[in-house]
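If you want the building blocks of each chain, they are given just below.
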Amino acid sequence: MLFAKNVFGLSEVKIVAKTLIAGRDTGEWVDLGELKEISGYAAAELEKAILIQENWADIVVTKEFGRKSKAEALGRITTHTAYHAGQLALILKYGEIRLG
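Quick summary incoming for the structure in this document.

Quick notes on the rules
Residues numbered from 1 in each chain as written. Predicted model: local features only at pLDDT ≥ 70, side-chain atom pairs only at ≥ 80, totals over all residues. Heavy atoms only, no water. Core = buried A, V, L, I, M, F, W, Y, C linked by side-chain atoms within 4.5 Å. Buried < 20%, exposed > 50% of the residue type's maximum accessible area, 1.4 Å probe, protein only. Contact = heavy atoms within 4.5 Å. Helix = DSSP H or I, 4+ residues; strand = E, 2+ residues; numbered from the N terminus. Polar contact = N/O pair within 3.5 Å; in protein donor to acceptor, adjacent residues only side chain to side chain. Salt bridge = Lys/Arg side-chain N within 4 Å of Asp/Glu carboxyl O. Expected span 1.5 Å × (residues − 1). Phe/Tyr/Trp six-rings, centres within 6.5 Å; stacked < 30°, edge-to-face > 60°.

**Thoughts on the nonpolar core**
Okay, step 1: One finds F3, A4, V7, L46 and A73 to be the most contacted residues of the largest nonpolar core, which totals 14 residues.
Okay, step 2: In contact with A73, other than residues within four places in its own chain, are F3, V7, V60, F65 and K68.

Structural data, given as structure tokens:
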């Protein structure tokens, strides 16, 4: 959602990224239903933002990754998402559930 808003200019996107503000995992986003809802919203907003782009060579500047073209920024979100998908795969493969 931050990419849709800050990189691709979709100003109506509403997100408060508490983990970014705190600089760490705050342990607040643990409800699976809520996370699925947020994920669906994020996917829809990012798709909308991508579809309205006209010049992928335009330069954007953000605090997180500096100066990049919109095309490079899209590559950044793609690799970042793949990184987190890999994290989840490792959790599913090697993690264990502890109840109580």
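What follows continues from the structure just given.
**Considerations on the side chain of Q53**
Okay, step 1: Take Q53: it is sitting in the loop between α3 (32-51) and β1 (59-62).
Okay, step 2: A polar side-chain atom of Q53 sits 2.8 Å from the main-chain carbonyl oxygen of A49.
Okay, step 3: Polar side-chain contacts of Q53 include one of 2.7 Å to the side chain of K70.
Okay, step 4: Non-local contacts of Q53, meaning those with residues more than four positions away in its chain, are made with F8 and K70.

**Observations concerning the pattern of salt bridges**
Okay, step 1: This model, assessed by the stated rule, comprises 2 salt bridges.
Okay, step 2: In this structure, the salt-bridge partner of K48 is E45, at a minimum N-O distance of 3.4 Å. Of this pair, K48 and E45 both sit in helix α3, 3 residues apart, roughly one helical turn.
Okay, step 3: Residue classification places K48 among the partly exposed residues on the basis of a relative accessible area of 37%.

**Here we look at helix α4 (residues 70-94)**
Okay, step 1: Between its first and last C-alpha, α4 extends 36 Å over 25 residues, near the 36 Å set by a 1.5 Å rise per residue.
Okay, step 2: Taken residue by residue, α4 has K70, A73 and I77 as its buried positions.
Okay, step 3: Lining the buried residues of α4 we find α1 (2-7), α3, β1 and β2 (66-69).

**With respect to the packing of aromatic side chains**
Aromatic rings in a pair are described by how distant their centres are and how their planes are angled relative to each other.
Okay, step 1: Evaluation of the coordinates by the stated rule reveals 2 aromatic pairs.
Okay, step 2: When the centroid spacing of 5.5 Å and the interplanar angle of 15° are considered together, the rings of F3 and F65 count as stacked. One end of the pair, F3, is in helix α1; the other, F65, is in the loop between β1 and β2, and 62 residues separate them in sequence.
Okay, step 3: Given the relative accessible area of 13%, F3 is considered buried.
Okay, step 4: Each ring, one from F8 and one from W56, has its centre 5.6 Å from the other, and the planes form 65°; the classification is edge-to-face.

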